[in-house]
Structure formats: structure tokens, C-alpha cells
Amino acid sequence: KKWIVIKNIVSPNLIIKQANNNVNECISLKDDNKITIATVARLAEQKGIEVAIDACKILIDRGYKVEWIVVGEGSERGKLEERIKSNGLEKDFNLIGSRVNPYPYIKNCDIYVQPSRWEGFGITVLEAKILNKPIIVSNIPEFREQIVNNENGLIFNDMNELVKDIINIMENDLLSE
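The model shown is predicted, which means the values in this text are computed figures rather than measured ones.

Quick notes on the rules
Residues numbered from 1 in each chain as written. Predicted model: local features only at pLDDT ≥ 70, side-chain atom pairs only at ≥ 80, totals over all residues. Heavy atoms only, no water. Helix = DSSP H or I, 4+ residues; strand = E, 2+ residues; numbered from the N terminus. Rg over C-alpha atoms; globule rule 2.2 N^0.38 Å. Buried < 20%, exposed > 50% of the residue type's maximum accessible area, 1.4 Å probe, protein only. Contact = heavy atoms within 4.5 Å. Areas by Shrake-Rupley, 256 points an atom, 1.4 Å probe, with all protein chains shown as cover. Lys, Arg positive; Asp, Glu negative; His and termini not counted. Charge placed at Lys NZ, Arg CZ, Asp CG, Glu CD. Arc of directions from axis to C-beta. Pairing = 2+ DSSP bridges. Right-handed = clockwise from strand over helix to strand, strands pointing away. Axes fitted to C-alpha atoms, helices over the stretch in contact; angles between N-to-C directions. Polar contact = N/O pair within 3.5 Å; in protein donor to acceptor, adjacent residues only side chain to side chain. Parallel < 35°, antiparallel > 145°, perpendicular 65-115°, else oblique. Left-handed = near helix turned anticlockwise from the far one by under 90°. Salt bridge = Lys/Arg side-chain N within 4 Å of Asp/Glu carboxyl O.

A. Just the overall build of the protein, in detail. Looking only at helices and strands, the protein has 8 helices and 6 strands in total. For 177 residues, the compact-globule formula gives about 16 Å, and the C-alpha radius of gyration of the protein, at 16 Å, lands near that figure. Counting every position in the protein, which comprises 177 residues, the buried fraction comes to 51%. A separation threshold of at least 6 residues defines the contact pool for the protein, and within that pool the share at least 24 residues apart is 71%. Only carbon and sulfur atoms are counted for the fraction: they give 49% of the accessible area of the protein, which is about 9,500 Å². Within the protein, one finds 23 positive and 26 negative side-chain charges whose respective centroids are separated by 5 Å.

B. Expanded view of helix α4 (residues 77-86). For α4, every residue scored as buried is listed here: R77, L80 and I84. Down the axis, α4 shows its buried residues gathered within 70° of arc, on one side only. Turned more than 90 degrees from where α4 packs its buried face, K79, K85 and S86 sit exposed. In this structure, the buried side of α4 is in contact with α3 (49-61) and β3 (93-97).

C. Representation of the pairing of strand β5 (residues 135-138) within the structure. Every second residue of β5 is oriented toward a common face, with I135 and V137 on one face and I136 and S138 on the other, all of them buried. Inspection of the sheet shows strand β4 (residues 111-114) paired to β5 by 3 bridges, in the parallel sense. If you follow Q114 over to β5, its bridge partner there is V137. A crossover links β4 with its parallel partner β5, the connecting element being helix α6 (residues 123-130), and its sense is right-handed.

D. Molecular detail of α6. Extensive coverage of α6 is indicated by the burial of 6 of its 8 residues. All of the buried residues in α6 are T124, V125, L126, E127, A128 and I130. With its phi angle positive at about 60°, N132 sits one or two positions after the end of α6.

E. Quick look at the sheet that holds β3. One open sheet holds the 6 strands; their spatial order is β3-β2-β1-β4-β5-β6, and the pairing between them is parallel. Each edge of the open sheet is held by one strand with a lone partner, namely β3 and β6 (154-156). On average, adjacent strands in this sheet sit at an angle of 25° to one another, irrespective of strand direction. Bridge count between β5 and β6: 3 bridges; the pairing is parallel. The partner of V137 across the bridge, within β6, is I155.

F. Fine view of the environment of K34. For K34, the location among the structural elements is in the loop between α2 (23-29) and β1 (35-40). Considered as a pair, K34 and A128 are 94 residues apart in the sequence and their alpha carbons are 20 Å apart. At 2.9 Å, the side chain of K34 forms a polar contact with the side chain of D92.

G. Main features of the packing of α3 against helix α8 (residues 159-171). Between α3 and α8, whose axes approach to 9 Å, the crossing angle comes to 55°. By the angle between their axes, α3 is oblique relative to α8. In terms of crossing hand, the pair formed by α3 and α8 is right-handed. Together, V51, D54, A55, I58 and L59 of α3 and M159, N160, L162, V163, I166, I167 and M170 of α8 make up the contact between the two elements.

H. Spatial organisation of the pattern of salt bridges. Applying the stated criterion to the full structure yields 8 salt bridges. Where K34 meets D92, a salt bridge forms, and the shortest distance between an N and an O atom there is 2.9 Å. Residue K34 is found in the loop between α2 and β1, and its partner D92 is found in the loop between α4 and β3; the two are separated by 58 residues along the sequence. Of the two residues, K34 and D92, both sit in the buried class.

As C-alpha cells, this is what we get:
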């Protein structure tokens, strides 16, 4: 009776305000002819970025015009860059590095995807919710605390479901905020 749990606290007003700053760099990366998918994560095994690369390859091979932007830095950068190159995705999958303010990238994307294998809480998912983005997350307990499948986002179990969920959002005009 003496303990309560307080989840990570974020300020929606601050996130919305910061999402409107430094937008020029973000928009210059965006190709209006493509659906922009964003992920904000460290480049680490836990974050599942290679799943995102493989999903992007499938989408491109099926003729979808997408660009995937990953905001973050980490020890897996070289390995991920090689996977991007070996799949011929240099123009479609961009590791743009860390940004002090990642919110303009979330705000200006069409779909937010978090393919993590495990998380503490997954605060970027909460931030994407605040910015009213269509959200797709991996099926881990930490995301199931925030996302109810088919209600406020989509939850995938494997790469094929991730691809299916992205296509579902694109083809059913679920991109509006």
C-alpha cells in the first residue's frame, strides 16, 4: 500500500512544440512520391533494425514506393549499412544518425514503426501516439501496455506481418492523422 508505479512521464505540449522545430532538415529528406516510415532507436540488436531493412526490401520488391528513416546511432551501424547496401536499399533506407530533437521526423513521417525485440518501456511509441501517427510495433509486453492491436496501432509477430501491416495502412488510406 506504500508503493505506486509511475510510468515514464512525458509532456505532450513540449513534444508537439518541439515537433514543429527544425522541420526543414526533416522535410528535405522526404520524397513526396514515397510513403515515409520512421523509426527512432539506437542501432543495437535489441531494436530489430535489420527486420525493418528486410521489410523495406520486400516492400520495394513488391513495387511500393517507400523510404524508411531511422533516427539513432549505435554499435550496429556498420553491420546495418552493409545489409542496406547488399539489399540495394541505399536510396530507400536511411540511417540518419542521432538528433537532439527527433520529433520533427516522427511528426513528418507517414507511419511510425518500432521493431524492437525487447524494451524497458518504449517511450518513442508514446511520443508517436502524441503526434497522432499510425503506429506498428513488435509483439512484446512493453508495447502491449501501450498499443491495443487494431485500436490504436498494429502489433506484428514477424517480418511478414510487419510488411502486411504497412501495406494495410498504405492501401486502406489509414495515413491520415
